[in-house]
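Observations on the model geometry
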Amino acid sequence: MTGAADGGSTTSPVHIRAATNTLLSRAMRERYRREHLEQLNALPTSDKIDYAVRTPALPWALQTPSDPNGSATRIRRKRGRLLVVQHVSFAGPGPLRAHLEAAGLVLDVIDVSAAAALPSTLEHYDALVVLGGPQSVLDRQGWPTRTQEATLVAEALRDEVPYLGVCLGAQLLGVEARGVAYRGPAAEVGWTPVATTAQCAFDPVFRVVPRRLHVMSSHVDHVSLPAGATRLMSSSAYPNQAFRVGRIAWGTQFHPEADAAFAATRRRLVPGWAEDEVPANGDERFFERHAGAIFAAVFSRFAAVVDAAATRRRELSPALLNRP
């Protein structure tokens, strides 16, 4: 007879096998978690943000000694307003919208494929987001709003209006900052392994990204790194997966806004997407959840940058306080 009375174990072979299978199935998750924790542990204590955190501490410019979290200031302030440029009906802001709105920002999403007109300036906006699309940065055909979009991106760079460009929007940022667009060696489609650079750990928005992860890609065009820009993430075929121009303009060649429906929609609607897609080397559902948690934190940090920039603009231009 075995049991606790004689110091033996009551664990059966079935239980051992079940536990072993669970450990094996969690091996890849544990590796990602460990690598991310190692990076977070290397950061200053004040910047160790957990994936679950959706609203990071406000930038120092918005804090006061009596209100370090900025809660009273947040109530008194007008909410920041973002212009979001969408290029095709099935490539909207996705989770990006939910996280920015949860941070108290207002989004004006304009789908230019529906012949919606873009504003001529960013006068009434605190940030600009340009999403991806089927257009090519190498060709003006099929992109009637390219000149207008380029003008808005140039204004954001000139006036230091926060900017986030995704895929096509990142390429447009690179070109406007005097980088060179080019056709890559092969289409990069599906879940793609990328790595952060040493500089990424010091970036105000992307510093929460672990050293290695999989991101959703859908492109063949790319852009060289503009002079003075900071490379943040790279893949084996495309070196500028994420970069920053100046202080508050970011571009991602991949799609941080991708959710569970992203790939399914593209397989159905984008010609050749399924043929180019590289099968994920691992658990695709895990990649979705992992990337989603990481970029939720990234979006929250970008929202904090927008909020701080909007407050500074209103302090410098009192007329903005009365704008619609």
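See the structure above.
Residues numbered from 1 in each chain as written. Predicted model: local features only at pLDDT ≥ 70, side-chain atom pairs only at ≥ 80, totals over all residues. Heavy atoms only, no water.

Looking at the nonpolar core
Heads up, the condition is: We call a set of buried residues a nonpolar core when its members are Ala, Val, Leu, Ile, Met, Phe, Trp, Tyr or Cys and they connect through side-chain atoms within 4.5 Å of each other. Residue exposure (1.4 Å probe, protein chains only): buried if accessible area is under 20% of the type maximum, exposed if over 50%, otherwise partly exposed. What counts as a helix is a DSSP run of H or I of at least four residues, what counts as a strand is a run of E of at least two, and both are numbered from the N terminus.
By size, the foremost hydrophobic cluster in this structure holds 45 residues, and its most contacted members are Leu82, Phe206, Met233, Trp250, Phe295 and Phe302. Broken down by element, this core gets its largest block of residues, twelve residues, from helix 9 (residues 284-316). Listed in part, the 28 residues of the second largest apolar core include Val137, Leu152, Ala170 and Leu173.

A word on the side chain of Ser235
Put simply, the rule is: Polar contact is the term for a pair of N or O atoms within 3.5 Å; when the atoms are in protein, one must be able to donate a hydrogen and the other to accept it, and sequence-neighboring residues count only if both atoms are side-chain atoms. Pairs of residues are marked as contacts when any of their non-hydrogen atoms sit within 4.5 Å.
With respect to the helices and strands, the residue Ser235 is situated in the loop between strand 7 (230-234) and strand 8 (242-245). Taking the relative accessible area as the measure of exposure, Ser235 reaches 11% and is therefore buried. A distance of 2.9 Å separates the side chain of Ser235 from the side chain of Glu188, its partner in a polar contact. Polar contacts involving the side chain of Ser235 include one to the side chain of Gln241, which spans 2.9 Å. In contact with Ser235, other than residues within four places in its own chain, are Glu188, Thr192, Pro193, Val194 and Gln241.

A short note on the environment of Val175
As for its placement among the helices and strands, Val175 is situated in helix 6 (residues 168-176). Taking the C-alpha atoms as reference points, Val175 and Ser224, 49 residues apart in sequence, are found 8.4 Å from one another. In this view, Val175 contacts Val137, Arg146, Ala181 and Val223; residues no more than four positions away in its chain are not counted.

So, the packing of helix 5 (residues 146-159) against helix 6
What counts is decided by this rule: Only C-alpha atoms enter the line fits that serve as axes; for helices the fit covers just the stretch in contact. Angles between N-to-C directions range over 0 to 180 degrees. Roughly parallel means an angle under 35 degrees; roughly antiparallel, over 145; roughly perpendicular, 65 to 115; everything else is oblique. Less than a right angle of anticlockwise turn of the near helix away from the far helix marks a crossing as left-handed, whereas a clockwise turn marks it as right-handed. Residues are sorted three ways: Asp, Glu, Lys and Arg are charged, Ala, Val, Leu, Ile, Met, Phe, Trp, Tyr, Cys and Pro are nonpolar, and all the rest, Gly among them, are polar.
At their nearest, the axes of helix 5 and helix 6 sit 10 Å apart, and the two run at 65° to each other. It follows from the interaxial angle that helix 5 and helix 6 lie roughly perpendicular. Remark: the crossing between helix 5 and helix 6 carries right-handed chirality. The residues of helix 6 that touch helix 5, namely those facing Arg146, Glu149, Ala150, Val153, Ala154 and Leu157, are Leu172, Leu173, Val175 and Glu176. Residue composition of the contact of helix 5 with helix 6, grouped by class: seven nonpolar, no polar and three charged.

Some points on the packing of aromatic side chains
Basically, it comes down to this: Here a pair means two rings of Phe, Tyr or Trp (six-membered ring of Trp) with centres within 6.5 Å. Their orientation is stacked below 30 degrees between planes, edge-to-face above 60, and tilted elsewhere. Consider the ring centre and the ring normal. A charge sits over the ring if Lys NZ or Arg CZ is within 6 Å of that centre and within 35 degrees of that normal.
Evaluation of the coordinates by the stated rule reveals four aromatic pairs. Between the aromatic rings of Trp191 and Phe287, the centroid separation amounts to 6.1 Å while the plane-to-plane angle is 45°, which identifies the pairing as tilted. Of the two residues, Trp191 is situated in strand 5 (residues 181-196) and Phe287 in helix 9; the sequence distance between them amounts to 96 residues. For the residue pair Trp191 and Phe287, the accessibility class agrees, reading buried in each case. Ring geometry for Trp250 against Phe302: centres 6.0 Å apart, planes inclined by 85°, an arrangement best described as edge-to-face. Of this pair, Trp250 sits in strand 9 (residues 249-252) while Phe302 sits in helix 9; the two residues are 52 residues apart in sequence, bridging distant segments of the chain. There is no split in this pair, since Trp250 and Phe302 are both buried. Members of the aromatic cluster, each reached through a chain of ring pairs, are Trp191, Phe286 and Phe287. The ring of Phe262 has Arg266 sitting right over it, with the charged end atom 3.4 Å from the ring centre.

Focus on helix 4 (residues 95-102)
Quick note on the threshold: By arc we mean the arc of the directions from the helix axis to the C-beta atoms, nothing more.
The set of residues buried in helix 4 consists of Leu96, His99 and Leu100. Buried residues of helix 4, viewed axially, fall in a sector of 95°; they line one side. In this structure, the buried residues of helix 4 make contact with strand 1 (81-86), strand 2 (106-111), strand 3 (127-130), strand 4 (163-166) and helix 9. Following helix 4 by one or two positions, Gly104 has its phi on the positive side, about 95°.

Digging into the pairing of strand 1
The line we're drawing: With its strands directed away from the observer, a crossover is right-handed exactly when the path from the first strand over the helix to the second travels clockwise. Here, a strand pair is defined by DSSP locating no fewer than two bridges between the strands.
Here strand 1 lies mainly inside the structure; five of its six residues are buried. Crossover strand 1 to strand 2 through helix 4 is right-handed. Pairing geometry for strand 1 and strand 3, over four bridges, is parallel. The residue of strand 3 that forms the bridge with Leu82 is Ala127.

Overview of the sheet that holds strand 6 (residues 212-223)
Strands sit in the order 2-1-3-4-9-8-7-5-6 across an open sheet of nine strands; the sheet is mixed. The open sheet has two edge strands, strand 2 and strand 6, and neither has a second partner. Here the strands of the sheet are splayed against their neighbours by 20° on average, with no regard to which way each runs. Relative to strand 8, strand 7 is paired through three bridges, and the arrangement is antiparallel. Bridge pairing in strand 8 places Thr230 opposite Arg244.

Interpretation in functional terms is not warranted from these geometric data alone.
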